[in-house]
Amino acid sequence: MCMDLQEGIRESWKRYVMLGAVCAAVLAFSDLLTLAYGDAPTYSWGENMAACLVGISPYNPEQDSIFTFPVAWMFVLMVLLFVTLSYPYRDLLGYGRSVLVLSGSRVAWWASKCLWVVISTFAAYLVVAASCVLGTLAVGGGFDLQASEAAFMYVLKTAPDVGLPANLAGFLAVAPLMLCGLGLLQLALSLVLGPVLSFGVMAAILLASAYLYVPFLPGEYLMAARTASVLYGGFEPSAGALYALALALASAVFGGIYFWRMDCLQREATA
């Protein structure tokens, strides 16, 4: 596991830097938008986190409204998933295969990679959080987890139909759990499809989550604009936590079973 952490950090550190830069750009745009409307962007840390993970309000095509693609939300999440995309698969085809042969335990190798994905995902989420800390300090905001009326107007871009200020604590606690679930799903699919196609599946899941409004899509629980504390009838963080744990467990089990039966030598020849 220590070797995984060392090699994973060595390979992925540039992606963490990229993630921080993307979050900084999102926060800068949010602040500039607020200034353009004549208000001071003194957003709290919770509101800045929501700006990076805002998503969009539920889209209803029957109302003839225009679907506004959540570019910033999609970009932040795809870069975050990109952090854990390639190392496990590349390790399997390289040095990790030798370790696997010497150890003789596929279970240990797979468990190590699953744990690496979880740790790396939480580390990436901490990068987002740290970027928001810097963004909060830059504008003189506080460090509470409440969404004010100004945040609804300029960040969440939806009318407040719940009591103000809205508490974002539940949403922000569930987000890393759901990201771990998606990361483990991406890891399992990379064994079957390869890293590129598994990354494409993640993009398709997030796009479907933005366009639709259904509880079985993981991306729904990664949108601040659709959480129950922001949107009346929105998704409850408790349900999101259970879904995230179930997704993580199912992905780890499925990937483990597939890896147990996979011919690593043949995979190397066709990679």
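Cut-offs and rules
Residues numbered from 1 in each chain as written. Predicted model: local features only at pLDDT ≥ 70, side-chain atom pairs only at ≥ 80, totals over all residues. Heavy atoms only, no water. Helix = DSSP H or I, 4+ residues; strand = E, 2+ residues; numbered from the N terminus. Buried < 20%, exposed > 50% of the residue type's maximum accessible area, 1.4 Å probe, protein only. Areas by Shrake-Rupley, 256 points an atom, 1.4 Å probe, with all protein chains shown as cover. Phe/Tyr/Trp six-rings, centres within 6.5 Å; stacked < 30°, edge-to-face > 60°. Contact = heavy atoms within 4.5 Å. Salt bridge = Lys/Arg side-chain N within 4 Å of Asp/Glu carboxyl O. Axes fitted to C-alpha atoms, helices over the stretch in contact; angles between N-to-C directions. Parallel < 35°, antiparallel > 145°, perpendicular 65-115°, else oblique. Left-handed = near helix turned anticlockwise from the far one by under 90°. Nonpolar A, V, L, I, M, F, W, Y, C, P; charged D, E, K, R; others polar. Expected span 1.5 Å × (residues − 1). Polar contact = N/O pair within 3.5 Å; in protein donor to acceptor, adjacent residues only side chain to side chain. Patch = residues over 30% accessible without salt bridge, like charges linked within 9 Å, V, L, I, M, F, W, Y side chains within 5 Å.

1. Some words on the overall build of the protein
Step number 1: Of the regular secondary structure elements, the protein holds 11 helices and 2 strands.
Step number 2: Starting at the N terminus, the α and β elements of the protein follow one another as α-α-α-α-α-α-β-α-β-α-α-α-α.
Step number 3: The buried share among the 271 residues of the protein stands at 49%.
Step number 4: Counting only carbon and sulfur atoms, one obtains 70% of the accessible surface of the protein, whose full area is about 12500 Å².

2. With respect to the packing of aromatic side chains
Step number 1: Under the criterion given, the structure shown has 11 aromatic pairs.
Step number 2: Each ring, one from Tyr 87 and one from Trp 116, has its centre 4.9 Å from the other, and the planes form 50°; the classification is tilted. One end of the pair, Tyr 87, is in helix α4 (residues 87–93); the other, Trp 116, is in helix α6 (residues 106–139), and 29 residues separate them in sequence.
Step number 3: For Tyr 87, a relative accessible area of 4% gives the class buried.
Step number 4: Residue Trp 116 is classed as buried on the basis of its relative accessible area of 2%.
Step number 5: Summarising the aromatic geometry, the rings of Trp 109 and Phe 259 are spaced 4.7 Å apart at their centres and angled 25° between planes, so their arrangement reads as stacked. Of the two residues, Trp 109 sits in helix α6 while Phe 259 sits in helix α10 (residues 237–261), which places them 150 residues apart along the sequence. Across this residue pair, the class does not change: Trp 109 and Phe 259 are buried.
Step number 6: Joined through ring pairs, the aromatic side chains of Tyr 213, Tyr 221, Phe 235 and Tyr 243 make up one cluster.

3. Comments concerning the side chain of Thr 227
Step number 1: Mapping Thr 227 onto the fold places it in the loop between α9 (195–211) and α10.
Step number 2: Contact partners of Thr 227, with chain neighbours within four places excluded, come to Phe 171, Gly 234, Phe 235 and Pro 237.

4. Considerations on the pattern of salt bridges
Step number 1: As enumerated under the stated definition, the model contains 1 salt bridge in all.
Step number 2: Of the charged contacts in the structure, one is a salt bridge between Arg 226 and Glu 220, with a shortest N-O distance of 2.5 Å. Each member of the pair, Arg 226 together with Glu 220, is buried.

5. What to know about the packing of helix α8 (residues 169–193) against α10
Step number 1: Two elements in contact, α8 and α10, have axes whose closest approach is 8 Å; the angle formed by their N-to-C orientations is 20°. Viewed along their axes, α8 and α10 adopt a mutual orientation that is roughly parallel. Crossing angle aside, the handedness with which α8 passes α10 is left-handed. Touching Gly 170, Phe 171, Val 174, Leu 177, Met 178, Gly 181, Leu 182, Leu 184, Leu 185, Ala 188, Leu 191 and Val 192 of α8 are Pro 237, Gly 240, Ala 241, Tyr 243, Ala 244, Leu 247, Ala 248, Ser 251, Phe 254, Gly 255, Tyr 258 and Phe 259, all from α10.
Step number 2: Looking at the contact of α8 with α10 residue by residue, the class counts come to 19 nonpolar, 5 polar and no charged.

6. With respect to α6
Step number 1: With 34 residues, α6 extends 50 Å between its outermost C-alpha atoms, agreeing within 8% with the 50 Å of an ideal straight helix rising 1.5 Å per residue.
Step number 2: Just downstream of α6, Gly 140 is the residue with a positive phi angle, here 75°.

7. Side note on the environment of Ala 208
Step number 1: Position of Ala 208 relative to the elements: it lies in helix α9.
Step number 2: Sequence separation between Ala 208 and Glu 220 is 12 residues, and the spatial gap between their C-alpha atoms is 9.3 Å.

8. Things to note about the side chain of Glu 220
Step number 1: Position of Glu 220 relative to the elements: it lies in the loop between α9 and α10.
Step number 2: Side-chain polar atoms of Glu 220 contact the side chain of Arg 226, separated by 2.5 Å.
Step number 3: Glu 220 has contacts with Ser 209, Leu 212, Tyr 213, Val 214, Arg 226 and Phe 235, leaving out every residue within four places of it along the chain.

9. Considerations on the packing of helix α2 (residues 45–52) against α6
To characterise two packed helices, one gives the angle between the axes of the helices and the distance between these axes.
Step number 1: One can describe the packing of α2 onto α6 by two numbers: an axis separation of 9 Å at closest approach and a directional angle of 125°. Our classification of the angle between α2 and α6 gives oblique. For α2 against α6, the interelement crossing comes out right-handed. Of α6, the residues touching α2 (which contributes Trp 45, Asn 48, Met 49 and Cys 52) are Tyr 125, Val 128, Ala 129, Cys 132, Val 133, Gly 135 and Thr 136.

10. Remarks on a nonpolar patch on the surface
Step number 1: A surface patch of nonpolar side chains, about 340 Å² in accessible area, is lined by Val 192, Leu 193, Leu 197 and Phe 254.
Step number 2: The residue Leu 197 is located in helix α9 in this model.

11. Comments concerning α8
Step number 1: Relative to the 36 Å expected for 25 residues at 1.5 Å per residue, α8 spans 36 Å between its end C-alpha atoms, a close match to the ideal helical length.
Step number 2: The element α8 is largely enclosed, with a buried count of 19 among its 25 residues.
Step number 3: In the stretch just after α8, Gly 194 is the one whose phi turns positive, near 95°.

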